[in-house]
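Coordinate inspection notes
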Amino acid sequence: MYAQMVKTEADKVKSLDEMDEQERAFQERIDADIKIEPKDWMPEGYRKTLIRQISQHAHSEIVGQLPEANWITRAPTLERKAILLAKVQDEAGHGLYLYCAAETLGISRDQMLEQLHSGKAKYSSIFNYPTLNWADVGTIGWLVDGAAIMNQVPLQRCSFGPYSRAMIRICKEESFHQRQGYDALIKMCLEGTPEQKAMAQDSMNRWWWPALMMFGPSDADSVHSAQSMAWKIKINSNDELRQKFVDQTVPQAEYLGLTIPDPDLKWNEEKGSYDFGEIDWSEFYQVIRGNGACNKQRMSDRVRAWDDGQWYRDGLMAHAKKQAERKAAAAA
Ligand code: BYC
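Here the residue numbers are simple positions, counted from 1 along each chain's written sequence. This being a predicted model, a pLDDT of at least 70 is required before a residue's local features are given, and a value of 80 or more before pairs of side-chain atoms are given or counted; all residues contribute to the totals for chains, interfaces and linings. Each side-chain value is worked out from all heavy atoms of the structure, with water and hydrogens disregarded.

Looking at the layout of surface pockets
Our working definition: Grid points spaced at 1 Å over the protein atoms alone were grouped into cavities, where a 1.4 Å probe fits but cannot get out, and pockets, open sets with protein on both sides within 12 Å along at least five of seven lines, with lining residues defined by an atom within 4 Å of a point. Grid points are joined across faces, edges and corners, and a volume is the space filled by probe spheres set on the points. Starting at the N terminus, helices and strands are each numbered in turn, a helix being any DSSP run of H or I of at least four residues and a strand any DSSP run of E of at least two. Note on residue categories: nonpolar means Ala, Val, Leu, Ile, Met, Phe, Trp, Tyr, Cys or Pro, charged means Asp, Glu, Lys or Arg, and polar means any other residue, Gly included.
The space that makes up the largest pocket amounts to roughly 1200 Å³. In terms of lining, the largest pocket is formed by 50 residues, of which the most central are Gln56, Ser124, Met214, Phe215 and Gly216. Contributions of two or more residues to the lining of the largest pocket are made by α2 (44-63), α4 (78-103), α6 (135-155), α7 (161-190), α10 (238-256) and α11 (281-291). Per element, the largest residue contribution to the lining of the largest pocket is eight residues, and it comes from α6. Of the residues belonging to the lining of the largest pocket, the class tally is 22 nonpolar, 16 polar and 12 charged.

Looking at the packing of α7 against helix α8 (residues 194-213)
This is how the line gets drawn: Every angle, taken between N-to-C directions, lies between 0 and 180 degrees, and every axis is a line fitted to C-alpha atoms, over only the stretch in contact when it is a helix. For classification, angles of less than 35 degrees are called roughly parallel, those exceeding 145 degrees roughly antiparallel, those between 65 and 115 degrees roughly perpendicular, and all remaining angles oblique. Should any heavy atoms of two residues lie within 4.5 Å, those residues are considered in contact.
For the pair α7 and α8, the least separation of the axes is 7 Å and the interaxial angle reads 130°. Classified by the angle their axes make, α7 and α8 are oblique. Residues Leu185, Met188 and Cys189 of α7 pack against Gln196, Lys197, Met199 and Ala200 of α8. When grouped by side-chain class, the residues that make up the contact of α7 with α8 number five nonpolar, one polar and one charged.

What to know about the nonpolar core
Nonpolar side chains tend to gather and get buried jointly when the protein is soluble and globular. Quick reminder of the rule: We call a set of buried residues a nonpolar core when its members are Ala, Val, Leu, Ile, Met, Phe, Trp, Tyr or Cys and they connect through side-chain atoms within 4.5 Å of each other. Only protein chains enter the calculation, and the probe is 1.4 Å; a residue is then buried if its accessible area is under 20% of its type maximum, exposed if over 50%, and partly exposed in between.
Ranked by size, the top nonpolar core spans 49 residues in total, and within it Trp142, Leu143, Met204, Trp208 and Phe245 carry the most contacts. Taken together, the elements giving at least two residues each to this core come down to α4, α6, α7, α8, α10 and α11. Those residues in contact with Trp208, other than ones at most four positions away along the chain, are Leu143, Phe245, Val246, Thr249, Ile260, Pro261 and Asp262. Within the second largest apolar cluster, 27 residues are counted, among which are Leu105, Leu113, Cys158 and Tyr163.

Some words on the site of the ligand
Convention followed: Residues are classed as near a molecule or strand on a simple rule: at least one heavy atom within 4 Å of it. N or O atoms closer than or at 3.5 Å make up a polar contact, with two conditions inside protein: a donor-capable atom paired with an acceptor-capable one, and, for residues adjacent in sequence, both atoms drawn from side chains. Accessible surface area values rest on a Shrake-Rupley calculation with a 1.4 Å probe, where residue burial reflects the displayed protein chains alone. More than half of a molecule's atoms within 2 Å of the grid points is what it takes for that molecule to sit in a cavity or pocket.
Neighbouring the ligand are 35 residues; Lys122, Ser125, Ser222, His224 and Lys234 lie closest to it. Between the ligand and Arg52, the relevant distance is 3.0 Å, taken from an oxygen atom to a side-chain nitrogen or oxygen of the residue. Within the backbone of Met214, an N or O atom sits 3.2 Å from a nitrogen atom of the ligand. When isolated, the ligand has an accessible area of 1000 Å², and the protein chains bury 95% of it. Taking a 2 Å distance to the grid points as the criterion, the majority of the atoms of the ligand fall inside the largest pocket. Residue assignment for the shell around the ligand shows that the elements contributing at least two residues are α2, α4, α6, α7 and α11. The element best represented in the shell around the ligand is α2, accounting for six residues.

Brief notes about the side chain of Asp262
Its place among the elements puts Asp262 in the loop between α10 and β1 (266-268). Among the polar contacts made by the side chain of Asp262, one reaches the main-chain amide nitrogen of Gly277 at a distance of 2.8 Å. Among residues more than four places away in sequence, those in contact with Asp262 are Trp208, Trp209, Phe276 and Gly277.

Set out below in structure tokens:
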């Protein structure tokens, strides 16, 4: 249902020789690390690729509130509840910065939301998994926000000005998110009861592989990477970032005393990084096609929230109309 419905025109990367004058001037600006701003000329494929990626990123932030929000009312202490509330609110803010960045490319927020609600636009696969115990809140902060930071720090240098500037702010907040998750797990694993540590291990067992899938298909199967990297919409390939994430995370798991659920995980002295097992790509594609454990619930929750907010949007429009009429009458 989902795949490839928001099509870009980037089927093949053109060399400088194959470009017309305008395209070549554009590519040379990108190559010189000069930012592209909304009113600058840009190839249609660049615009569409950015709208696809930024809007999907925004949708991920918004849908990403749902799994953790499940635990706000069940947080074990007042302090943890306050931290979790702040984090979930931050995700809403990230969604809003990103929708604004995408709007500068000529798509409206209503259009983007329609694409999400109708299943045309994707959001990150990771949010289609359930949060079954309190340790999941820690694991999401540690692994999911950790993976997000790995992907988003390089995006601060991406070629499109509004996206790169949004990323700078978002990354600062994501690093607080990652730390609060790891801190919750330190409490459970190093200072907690055996039952709490077992809960953390159970959570690790369920989230490890989906976290690795967040980086997207392997480079050989990534349809957009070549063009997106040429345009510096992406700075690193999916596999490069996944490898960096594994290398960074293994020592953190060791510190917590948690076992990573991968029998093939092994330090490779020669390449100076970890080897790890094969990802179950059939699961990944099932999830992004709408067949994960929680896809239907996530979408119905979002659509209900949108419908329930209709009265509020109507009120805002009525207020704006009244103000405009008063202003016009005063000016007449
Ligand atoms: N899930 O050619 P590829 C967060 C799709 S939220 C779903 O490699 P691309 C947070 C891909 O869209 C973090 N779909 O694509 C929030 C494409 O399909 P379409 C979200 C995926 O775009 C709350 C197809 O597979 N981060 O941090 O070059 C709480 C082929 O893939 C996924 C971002 O959005 C996936 N995991 O690379 C806590 C970062 N992976 O569109 C935390 C910005 C791939 O042709 N986005 N697909 O139908 C990116 O960096 C890139 O879009 C990706 C994929 C690396 C994700």
